[in-house]
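Here's the letter readout for the chains.
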Amino acid sequence: MARILVTGGAGYIGSHTMVELLAAGHDVVCLDNFSNSSPEAVKRVQEIAGREVRLFTGDIRDRSLLDSLFHAVKVDAVIHFAALKAVGESVAKPLAYYENNVAGTLTLLEAMRAAHVMRIVFSSSATVYGNPDKLPITEDAPVRPFNPYGQTKAMVEQILRDWCVAEPGAAAVALRYFNPVGAHPSGRIGEDPADIPNNLFPFITQVAIGKRERLSVFGNDWPTVDGTGVRDYLHVVDLALGHVKALDWLARDHGFVAINLGTGQGTSVLEMVHAFESATGAKVPHTIVARRPGDIAACWADASLAHRLLHWQATRSLEDLCASGWRWQQANPEGYRTV
Ligand code: NAD
Ligand code: WQD
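Residue numbering note: each chain is counted from 1, following its sequence as written. To read the labels, note that chains go from A and ligands from 1, taken in the order they are written. Given that the model is predicted, a residue must reach a pLDDT of at least 70 before its local features are reported, and side-chain atom pairs must reach 80 or more before they are shown or counted; all residues, however, enter totals for whole chains, interfaces and linings. As a rule here, side-chain values cover all heavy atoms of the structure and leave hydrogens and water aside.

Engineer: Can you walk me through the site of ligand 1 in this structure?
Structural biologist: Near ligand 1 lie 28 residues; those nearest to it are D32, N36, S37, K85 and Y149. N33 has a polar backbone atom sitting 3.2 Å from a nitrogen atom of ligand 1. Interatomic distance of 3.1 Å between a backbone N/O atom of I60 and a nitrogen atom of ligand 1. Against a free-state accessible area of 820 Å², the protein chains account for coverage of 95% of ligand 1. The helix and strand labels rest on DSSP assignments: H or I over at least four residues marks a helix, E over at least two residues marks a strand, and numbering proceeds from the N terminus. Only helix 1 (12-23), strand 5 (119-125) and helix 6 (148-166) provide two or more residues apiece to the shell around ligand 1. With 3 residues, strand 5 is the single largest residue contributor to the shell around ligand 1. Looking at the shell around ligand 1 residue by residue, the class counts come to 12 nonpolar, 11 polar and 5 charged. Here a residue counts as near a molecule or strand whenever at least one of its heavy atoms sits within 4 Å of it. Pairing of N or O atoms within 3.5 Å defines a polar contact, subject to two protein rules: one partner must be a possible hydrogen donor and the other a possible acceptor, and residues neighboring in sequence count only if both atoms are side-chain atoms. The method behind every accessible area is Shrake-Rupley, applied with a 1.4 Å probe, and residues are considered shielded solely by the protein chains displayed. Three residue categories are used. Nonpolar comprises Ala, Val, Leu, Ile, Met, Phe, Trp, Tyr, Cys and Pro, charged comprises Asp, Glu, Lys and Arg, and polar comprises the others, including Gly.

Engineer: Mind showing me how you'd approach the site of ligand 2 here?
Structural biologist: Neighbouring ligand 2 are 19 residues, the closest being T127, Y149, L200, R231 and D295. Between ligand 2 and T127 there is a distance of 2.4 Å, counted from an oxygen atom to a side-chain nitrogen or oxygen. At 2.9 Å from an oxygen atom of ligand 2 is found a main-chain nitrogen or oxygen belonging to F218. With the chains in place, 87% of the 690 Å² that ligand 2 exposes on its own is no longer accessible. The leading source of residues in the shell around ligand 2 is strand 8 (residues 215-218), at 4 residues. For the shell around ligand 2, the class distribution of residues is 8 nonpolar, 7 polar and 4 charged.

Engineer: Where do I start with helix 3 (residues 63-72) in this structure?
Structural biologist: For an α-helix the count is 3.6 residues per turn, leaving residues at separations of three or four pointing the same way. Each residue is placed in one exposure class: buried if its accessible area under a 1.4 Å probe, protein chains only, is under 20% of its type's maximum, exposed if it is over 50%, and partly exposed if it falls in between. Looking at helix 3, one finds that the buried residues are L65, L66, L69 and F70. Taken end-on, helix 3 shows its buried residues confined to a sector of 130°, consistent with a single buried face. Across helix 3 from its buried face, at more than 90 degrees, point the exposed residues S64 and H71. On its buried face, helix 3 is in contact with strand 1 (3-7), strand 2 (27-32), strand 3 (54-57), strand 4 (77-80) and helix 5 (94-114). Throughout, the arc means the angular range of directions from the helix axis out to the C-beta atoms. Whether two residues are in contact is decided by their heavy atoms: any pair within 4.5 Å suffices.

Printed below as a string of structure tokens:
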């Protein structure tokens, strides 16, 4: 087993991944500046796993902190979640996104190289594809993001490609997540948006619990099954398990590879609303409104490369996904803030 540094490990996907890393027998070191998360999440990860996480509080942009961390603990590989991730915010504050997501990753890679840590799993996103020409999306589809957030992901992927060419021993997997949703079955960790959720699923759960009055459905005039937007919703635990598999690939191969993590199935907004209502018994009042600027009609993955290279595929159903997210929301109406 290995010792894995998880940057951004207190976040939504990082916390779920730390649980699965610990369950797989890895030792876990977490670095997080808690800019969009809570130390409570790390405590609960340890509670679920029954094992300790070594926590460093700080920023990936702090080179001296990184050097001291790599000096203090022998790290075998890094899973790099730490980033800003709100598309709309990235349009308003592009420099903050390039500074945190790109410059921050450069600092991390330089510290890794100095410490001879040459294996990394990177949190990329299906956003790098922009508006796809055809569906399902394969990894050789054009990379053409149309917002600064997506650009930061595409830039880091390029940096990793070049790094792996320059450094013979380097190995990097860029996992292009589609739409992660849901929560750990315990209901103890989950998605905890800081304010009004941008994303569909947390908005649905907040409407269902009565925190929001109703869901605005952004358009029903898209060229899709029922006119509403179609996406590939992936259970966050399936996603977390994909990272454990990606580490296995890093241990047996080298170079750079980008891999889609998705279910391969598209689900419309209204299909998600109805699936949530039938899985939970909760009601989700909703109104059709105008399209959201920057949205695309449909996006879902061809996940065959993940199956072939990582021996991974999503196994959890839409019902599992809805029930797990509802369990988290009911048990934590204010996320981690109640403690
Ligand atoms: P999140 O905001 O919950 O987690 C990110 C974590 O990183 C937070 O704990 C935050 O405090 C930390 N962080 C941010 N900047 C940091 C810095 N400079 N130094 C140290 N810690 C820092 O987000 P998430 O949904 O868990 O996403 C994790 C990763 O996956 C991100 O890179 C995101 O871009 C990517 N991603 C997310 C989605 C999604 O829909 N959630 C989809 C595709 C890709
Ligand atoms: C899903 C569908 C909306 C909210 C975003 C980022 C992407 C990634 C995942 C980081 C769309 C519709 C939504 C609402 C709605 N994040 N919707 N009412 O836009 O596919 O992807 O999150 O990497 O980068 O772009 O996800 O959940 O925002 O929207 O009708 O209140 O739900 O139009 O069709 P999206 P989303």
